[in-house]
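Structural description and commentary
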Amino acid sequence: MNETTQQIRAAAKRLLEEGRVDCVIGYAKGTVPMQEQPYFAYTPEEAENLVWTGFCTNNLANFLIRRSGRNAILAQGCVSRNIVGLIKENQVKREDVYILGVHSPGMLDAGKIKAEFPDKVITEVEEDGEEIVVRGRGFEERLDRKKVKRNNCYTCTHRNAVLYDEFIGQEGPQTGGGDIDNVAAPWESLDPDQRWAEFESTFKDCIRCYACRNVCPLCYCDVCFVDENNPQWCGKGLEEPDVFTFHILRAFHCAGRCTDCGACESACPVGIKMRTLTSKLEKDIRELYGYQPGLDLETPTPLTVYRPNDPDVAE
Amino acid sequence: MILKNLLEYIGIEPGRVHFSWISSAEATKFQETAKEVVSQVRELGPAKRLVKDIPMEAA
């Protein structure tokens, strides 16, 4: 068990014992390898189930929405930025949440690890510093951690929680080392036909399970536009125009709000790269409005305010 | 602009989608914009992307 896990458990136990919070939201070991699950610890004993590994890819901020009582929540950089966003959007009250900030070492991509062992079944993955140990029936191999990180974690700019009541362990390096501008909006250099071809091939396998929407802390509408029947904005089947409409609008709803936490891609059962769209929006918002979501509680989200000198005021 | 950029980014032809801010008092601007939209879209021809064919009997 790593040091951070121990510190998280100790902090969670203390908060629950002192009665400062009703619940600590964190991660517990998943029922399958390489996928930790969100976990709600209500008692000091339950706090012993909390873990911190490279597979904590769910965005816990999602669970603060419509939640009653006082909750403590474990938050790495992206999650804390989403909490800031939820507070700004009046979905969460700052005083109702106790944020346990933590430094993210960059989370791992289970898909990439599986791809390294195409014909084998992985039963356990252990992290050992900058390496991971992958085990299965009859094999054990070490991989460089850097090689199998999630794409969004390479270009992360805020690995430490930006808002917290207590920091677990030490703050670490802020960036993942990569430059987002080298990978954001990958289709920008293509012509319209090539762009459409890329878009089609990226999203055609979608089965509309809505996992990407459900794990996203930005998606909290009472009735999502794809679920609405009257009016029905978008067909509910697997016809391509409907599938594409869902993805275009899902992404657009994230404009100026997405923190590139990568939960959508991690949750997708068919490996769709939604960040091809969200990274374009993130880049546009950053370049046109000089804004990065969720860094402070004061700056208003660009698309919620009007300024006469907005770059997109029609001529 | 953000939405237009996104649509063009995924391959919707430039000129297919237009956004404009027109006040209810700006009749002339509305007329001019409508003309411009029609001529540009006509030039592009029928849309082939994001088009769903619904059979007449089902509609």
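These figures come from a predicted structure and were not determined experimentally. (Residues numbered from 1 in each chain as written. Chains lettered and ligands numbered in written order. Predicted model: local features only at pLDDT ≥ 70, side-chain atom pairs only at ≥ 80, totals over all residues.)

Regarding the overall build of chain B
Which entries qualify depends on this criterion: Secondary structure elements are defined from DSSP: runs of H or I of at least 4 residues count as helices, runs of E of at least 2 residues count as strands, and each element is numbered from the N terminus. When we talk radius of gyration, it's over C-alpha atoms, and the globule rule is simply 2.2 Å times the number of residues to the 0.38. Every C-beta atom is placed from the backbone, and the number of other C-beta atoms within 10 Å of a residue's own sets its class: buried at 20 or more, exposed at 12 or fewer, partly exposed in between.
Broken down by element type, chain B carries two helices and zero strands. Relative to its length of 59 residues, chain B is extended, with a C-alpha radius of gyration of 15 Å against a globular reference of 10 Å. By the burial criterion, 10% of the 59 residues in chain B qualify as buried.

Section: the overall build of chain A
To keep it simple, the criterion reads: Two residues qualify as being in contact provided that their C-beta atoms, derived from the backbone, are within 7 Å of each other.
Of the regular secondary structure elements, chain A holds ten helices and nine strands. Compactness check: chain A gives a C-alpha radius of gyration of 20 Å against a globular reference of 20 Å for 315 residues, within 12% of the reference. Dimensions along the principal axes, computed over C-alpha positions, put chain A at roughly 60 × 50 × 40 Å. Counting the 315 residues in chain A, one finds 40% classified as buried. Across chain A, contacts joining residues at least 24 apart in sequence account for 66% of those joining residues at least 6 apart.

Here's the deal with helix α1 (residues 3-17) of chain A
It helps to recall that an α-helix has 3.6 residues per turn; residues three or four apart then point in one direction. Residues and elements named next belong to chain A. For clarity, the threshold we go by: How far a helix is expected to stretch is found by multiplying one less than its residue total by 1.5 Å.
The end-to-end C-alpha separation of α1 is 21 Å, in line with the 21 Å expected for 15 residues at 1.5 Å each. In this structure, the buried side of α1 is in contact with β1 (23-28), β2 (37-41), β3 (50-51), β4 (71-75), β5 (97-101) and β9 (166-167). A positive backbone phi angle near 70° is found at G19, which sits one or two residues after α1.

A word on the domain arrangement of chain A
A common way to report how large an interface is uses the accessible area buried once the components associate. Residues and elements named next belong to chain A. Note the cut-off: Residue ranges for the domains originate in an automatic or database domain assignment. Three classes are used, and their members are as follows: Ala, Val, Leu, Ile, Met, Phe, Trp, Tyr, Cys and Pro are nonpolar, Asp, Glu, Lys and Arg are charged, and the others, Gly among them, are polar.
Examined at the domain level, chain A breaks down into domain 1 (3-109 + 149-304) and domain 2 (111-148). Here domain 1 and domain 2 have C-alpha centroids that lie 25 Å from each other. Each side of the interface is counted separately: domain 1 has eight residues, and domain 2 has twelve residues. Each residue belonging to the side of domain 1 that touches domain 2 can be placed in one class, and the counts come to three nonpolar, three polar and two charged.

So, the interface of chain A and chain B
Contacts between the two partners involve 25 residues from chain A and, on the opposite side, 16 residues from chain B. Taken together, the elements giving at least two residues each to the side of chain A that touches chain B come down to α6 (192-203), α8 (240-252) and α10 (275-289) of chain A. Broken down by element, the side of chain A that touches chain B gets its largest block of residues, seven residues, from α8(A). Each residue belonging to the side of chain A that touches chain B can be placed in one class, and the counts come to 15 nonpolar, two polar and eight charged.

A closer look at the environment of A:E116
Here A:E116 is to be found in helix α3 (residues 110-116). Placed 55 residues apart in sequence, A:E116 and A:E171 show a C-alpha to C-alpha distance of 31 Å.

Some remarks on the pairing of β4(A)
All names here are of chain A. So the rule is basically this: Strands were regarded as paired on the criterion that DSSP finds at least two bridges between them. Place the viewer so that the strands point away; then a crossover is right-handed whenever the path from the first strand over the helix to the second strand goes clockwise.
Of all the five residues making up β4, five are buried; the element is thus mostly covered by neighbouring parts of the structure. The side-chain alternation of β4 yields two buried faces, one formed by N71, I73 and A75 and the other by A72 and L74. Here β1 pairs with β4 via three bridges, running parallel. Bridge pairing in β4 links I25 to I73. As defined by bridge partners, β4 adjoins β5 across five bridges and the pair is classed as parallel. Bridge assignment links A72 to a residue of β5, and that residue is Y98. With respect to chirality, the unit in which β4 leads through helix α2 (residues 77-88) into the neighbouring parallel β5 is right-handed.

Some remarks on the pairing of strand β7 (residues 131-136) of chain A
Both faces of the sheet carry side chains from a regular strand, because those side chains alternate between them. Residues and elements named next belong to chain A. In this structure, strand β6 (residues 122-128) lies alongside β7, joined through six bridges in antiparallel fashion. Across the sheet, residue E127 finds its bridge partner in β7, namely I132. The turn linking β6 back onto β7 is made up of two residues, and G129 within it adopts a positive phi angle of 60°. Examined bridge by bridge, β7 and strand β8 (residues 139-144) share six bridges and lie antiparallel to one another. Residue pairing in the sheet places I132 in a bridge with L143 of β8.

Overview of the packing of α10(A) against helix α1 (residues 2-9) of chain B
Where we set the bar: Angles shown run from 0 to 180 degrees and are taken between the N-to-C directions of axes, each axis being a line fitted to C-alpha atoms and, for helices, limited to the stretch in contact. The cut-offs work like this: below 35 degrees is roughly parallel, past 145 is roughly antiparallel, 65 to 115 is roughly perpendicular, and the gaps in between are oblique. Note on convention: near helix rotated counterclockwise from far helix by under a right angle means a left-handed crossing. Clockwise means right-handed.
Two elements in contact, α10(A) and α1(B), have axes whose closest approach is 10 Å; the angle formed by their N-to-C orientations is 140°. Here α10(A) lies oblique to α1(B), going by the angle between them. Viewed along their axes, α10(A) and α1(B) form a crossing whose handedness is right-handed. Along its contact with α10(A), which presents A:L277, A:K280, A:L281 and A:D284, the element α1(B) presents B:I2, B:N5, B:L6 and B:Y9. Considering only residue class, the contact of α10(A) with α1(B) consists of five nonpolar, one polar and two charged.

What to know about the nonpolar core
Residues and elements named next belong to chain A. Spelled out, the test is: For this entry, the nonpolar core is defined as buried Ala, Val, Leu, Ile, Met, Phe, Trp, Tyr and Cys residues connected by C-beta atoms within 7 Å.
Of all hydrophobic cores here, the largest spans 81 residues; its most connected members are A12, V24, I73, A75, I83 and L100. Among the elements that take part in this core, α2 stands out by supplying six residues, more than any other. Each of domain 1 (3-109 + 149-304) and domain 2 (111-148) contributes no fewer than three residues to this core. Leave out the neighbours within four places in its chain, and I73 touches I25, L60, L64, V97, I99 and L100.

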